[in-house]
Amino acid sequence: MSLVRAATGRDAGRIVYVHVESWRTTYAGIVPKAYLASLNVAERESQWREWLTLDVDVFVAEVDGDVVGFIGGGAIREPVEGFDAELFAIYLLRDAQRRGLGMALLKRLAGSLKERGFGGMLAWVLEDNSSGGFYSRSGGVRVASKEMEVGGVMLPVVAYGWSDLGMIAVVGSGSI
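Along each chain, the written sequence defines residue order, and numbers are assigned to residues from 1. Only residues with pLDDT of at least 70 get local features here, since the model is predicted, and only at 80 or more are side-chain atom pairs given and counted; chain-wide, interface and lining totals rely on the full set of residues. Heavy atoms from the whole structure form the basis of all side-chain values; hydrogens and water molecules are not counted.

Before going further, it helps to examine the pairing of strand β2 (residues 57–63). Categorising residues by exposure relies on relative accessible area from a 1.4 Å probe, with only protein chains included: less than 20% of the type maximum marks a residue as buried, more than 50% marks it as exposed, and the intermediate range marks it as partly exposed. What counts as a helix is a DSSP run of H or I of at least four residues, what counts as a strand is a run of E of at least two, and both are numbered from the N terminus. Judged by how many residues are buried, β2 sits mostly within the fold: seven of seven residues are covered. Burial along β2 is two-sided: the residues Asp 57, Phe 59, Ala 61 and Val 63 and Val 58, Val 60 and Glu 62 are all buried. Note: strand β1 (residues 2–6) against β2, five bridges, orientation antiparallel. Bridged to Arg 5 within β2 is Val 60. Strand pairing is assigned whenever DSSP identifies at least 2 bridges connecting the two strands. In this antiparallel pair of consecutive strands, β2 and strand β3 (residues 66–80), the connection spans two residues, and Asp 64 shows a positive phi of 50°.

Put into structure tokens, the structure is as follows:
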């Protein structure tokens, strides 16, 4: 059984594991190998415990009681005209991908942000990341681009935006 629910402090360890493993599989060949190898679950867990106490919406996807993915978002960090919210991160373990969990997480975040009064959301994505199709299929369109430093290297990133969260917002019971 699959479930999407609000994250709690108890989820920090599993979120970090998903985060690190997803970076290693998703960004291999894009982000420097040394940077990916340096990612450390133990070092990042305290950061995630703190992040879960901030004014950020974080949801996890569970399969048979095990957290296999997460999404986080909130107020936009860098202004882009027409958008007031930002999807900060969405990651799923490779085995949990292509099962509808990413879309369920996105819909849950969009619904939560809409309930909080946000109107439009964007997500910054490494341009060479193969997930661009996910954002397009969910109604996101490319609205901006820039470069971002990762592991000492400048990489191109693009912003996918949804001008109306209602386009993707469906808040339900959380069951998939």
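Past the structure itself, the notes keep going.
Quick look at the nonpolar core now. In this structure, Val 31, Leu 87, Met 121 and Tyr 135 are the most contacted members of the largest nonpolar core, which totals 62 residues. If you list the elements that add at least two residues to this core, you get α1 (12–26), β2, β3, β4 (83–92), α4 (101–115), β5 (121–126), α5 (132–137) and β7 (153–162). Looking at which element gives the most residues to this core, the answer is β4, with eight residues. Those residues in contact with Met 121 that sit more than four places away from it in its chain are Phe 83, Ala 85, Glu 86, Leu 87, Leu 106, Leu 109, Leu 113, Tyr 160, Gly 161, Trp 162, Leu 165 and Ile 168. By nonpolar core is meant a set of buried Ala, Val, Leu, Ile, Met, Phe, Trp, Tyr and Cys residues that side-chain atoms within 4.5 Å join together. Whether two residues are in contact is decided by their heavy atoms, any of which lying within 4.5 Å being enough.

Looking now at the sheet that holds β1. Strand pairing in a sheet takes place through backbone hydrogen bonds and is either antiparallel or parallel in direction. Strand order in the open sheet formed by seven strands is β1-β2-β3-β4-β5-β7-β6, and the pairing between neighbours is mixed. Since the sheet does not close on itself, it has two edges, and those belong to β1 and β6 (141–150), each with one partner. Taken pair by pair, the neighbouring strands of this sheet meet at an average axis angle of 30°, ignoring direction. Where β5 lies against β7, six bridges are found, and the strand directions are antiparallel. Along β7, the bridge assignment pairs Met 121 with Trp 162. Note on method: axes are straight lines fitted to C-alpha atoms, helices fitted across the in-contact stretch only, with angles between N-to-C directions ranging 0 to 180 degrees. Contacting β1, β2, β3, β4, β5 and β7, α4 crosses the sheet at an angle of about 150° to β2.

Running from amino to carboxyl end, α1 crosses helix α3 (residues 41–51) at an angle of 125°, the nearest separation of the two axes being 8 Å. One element, α1, and the other, α3, form an angle in the oblique class. When you trace α1 past α3, the crossing you get is right-handed. The segment α1 lies against α3, with Ala 12, Gly 13, Ile 15, Val 16, Tyr 17, His 19 and Val 20 engaging Val 41, Arg 44, Glu 45, Trp 48 and Arg 49. Looking at the contact of α1 with α3, its residues break down into seven nonpolar, two polar and three charged. Any angle from 65 to 115 degrees is called roughly perpendicular, while one under 35 is roughly parallel, one over 145 is roughly antiparallel, and all others are oblique. Crossing handedness is defined as follows: a turn of the near helix away from the far one that is anticlockwise and smaller than a right angle gives a left-handed crossing, while the clockwise case is right-handed. In this count, Pro and Cys sit with the nonpolar residues alongside Ala, Val, Leu, Ile, Met, Phe, Trp and Tyr, while Asp, Glu, Lys and Arg are called charged and the others, Gly among them, polar.

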